[in-house]
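Inside the fold
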Amino acid sequence: PLSVIEWFHDFYHICERSHVKPVECTVREGEIIYVPRGWWHVVINLEFTVAITQNYVCSSNLPHVLQFLENKPEQISGTPNKRTLRARFVEALREHCPDILESAQLRCHEMNQENRSLWSSVVESKSEKPFSLLDYL
């Protein structure tokens, strides 16, 4: 992750000229803002501020969280142990919520299968049947 200063200096002008403009707002005292999973965001405090952030993990978004921790550890912030966070998280789930973990891991596998390219499906196939594009239409 970049620092706020780096992002504004190096990338903000690109976003402003893009066909997809950044969404900007000012959150005032007593207000909150929700940032959906996967949305890139940056915050600038205009005055002395106390902020509370929370990354919410429930059984329905757990597969996405597990995949993020595995595939994008360089995007994790707030801990010096980025590379071991997933393993420690999975171990805690295995100890305290094994059924939820098992279900999430199964969903991760399903999501990986859904995201495979046609080429990967063909190349990795163990089928004796000859390849036909008609099978994929």
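Relevant structure appears above.
These remarks concern the structure in this document. These numbers come from a predicted model, not from an experiment. (Residues numbered from 1 in each chain as written. Predicted model: local features only at pLDDT ≥ 70, side-chain atom pairs only at ≥ 80, totals over all residues. Heavy atoms only, no water.)

Overview of the overall build of the chain
Helix and strand content of the chain: 6 helices and 0 strands. Listing each helix as α and each strand as β along the chain from the N terminus yields α-α-α-α-α-α. The burial tally for the chain puts 13% of its 137 residues in the buried class. Of all intrachain contacts in the chain linking residues separated by at least 6 positions in sequence, the fraction that spans at least 24 positions is 42%. When the accessible surface of the chain is split by element, carbon and sulfur atoms take 56% of a total near 12200 Å². (Helix = DSSP H or I, 4+ residues; strand = E, 2+ residues; numbered from the N terminus. Buried < 20%, exposed > 50% of the residue type's maximum accessible area, 1.4 Å probe, protein only. Contact = heavy atoms within 4.5 Å. Areas by Shrake-Rupley, 256 points an atom, 1.4 Å probe, with all protein chains shown as cover.)

What about the side chain of Thr79?
As for its placement among the helices and strands, Thr79 is situated in the loop between α3 (62-71) and α4 (82-96). From its side chain, Thr79 meets the backbone nitrogen of Asn81 in a polar contact 3.1 Å long. Setting aside its immediate chain neighbours within four residues, Thr79 contacts Leu85 and Arg88. (Polar contact = N/O pair within 3.5 Å; in protein donor to acceptor, adjacent residues only side chain to side chain.)

Some thoughts on the packing of α4 against helix α5 (residues 98-114)
Where α4 meets α5, the axes come as close as 6 Å, and the angle between the chain directions of the two elements is 125 degrees. With respect to their mutual orientation, α4 and α5 come out oblique. Residues Val90, Leu93, Arg94, Glu95 and His96 of α4 lie in contact with α5, whose contacting residues are Pro98, Leu101 and Gln105. (Axes fitted to C-alpha atoms, helices over the stretch in contact; angles between N-to-C directions. Parallel < 35°, antiparallel > 145°, perpendicular 65-115°, else oblique.)

Topic: α5
Over its 17 residues, α5 runs 24 Å from end to end, which matches the ideal 24 Å to within 8%, given 1.5 Å per residue. Three or more residues of α5 are buried, namely Leu101, Ala104, Cys108 and Met111. Projection of α5 onto a plane perpendicular to its axis shows the buried side chains occupying an angular sector of 80 degrees, all on one side. For α5, exposure combined with an orientation more than 90 degrees from the buried face picks out Asp99, Glu102 and Glu114. Elements that come into contact with the buried residues of α5 comprise α3 and α4. (Expected span 1.5 Å × (residues − 1). Arc of directions from axis to C-beta.)

Considerations on the nonpolar core
Generally speaking, soluble globular proteins have nonpolar side chains that are buried together. By size, the foremost hydrophobic cluster in this structure holds 7 residues: Leu62, Leu66, Val90, Leu93, Leu101, Ala104 and Cys108. At the level of elements, α3, α4 and α5 are the ones that each hand at least two residues to this core. If one sorts the elements of this core by residue count, α5 sits on top with 3 residues. (Core = buried A, V, L, I, M, F, W, Y, C linked by side-chain atoms within 4.5 Å.)

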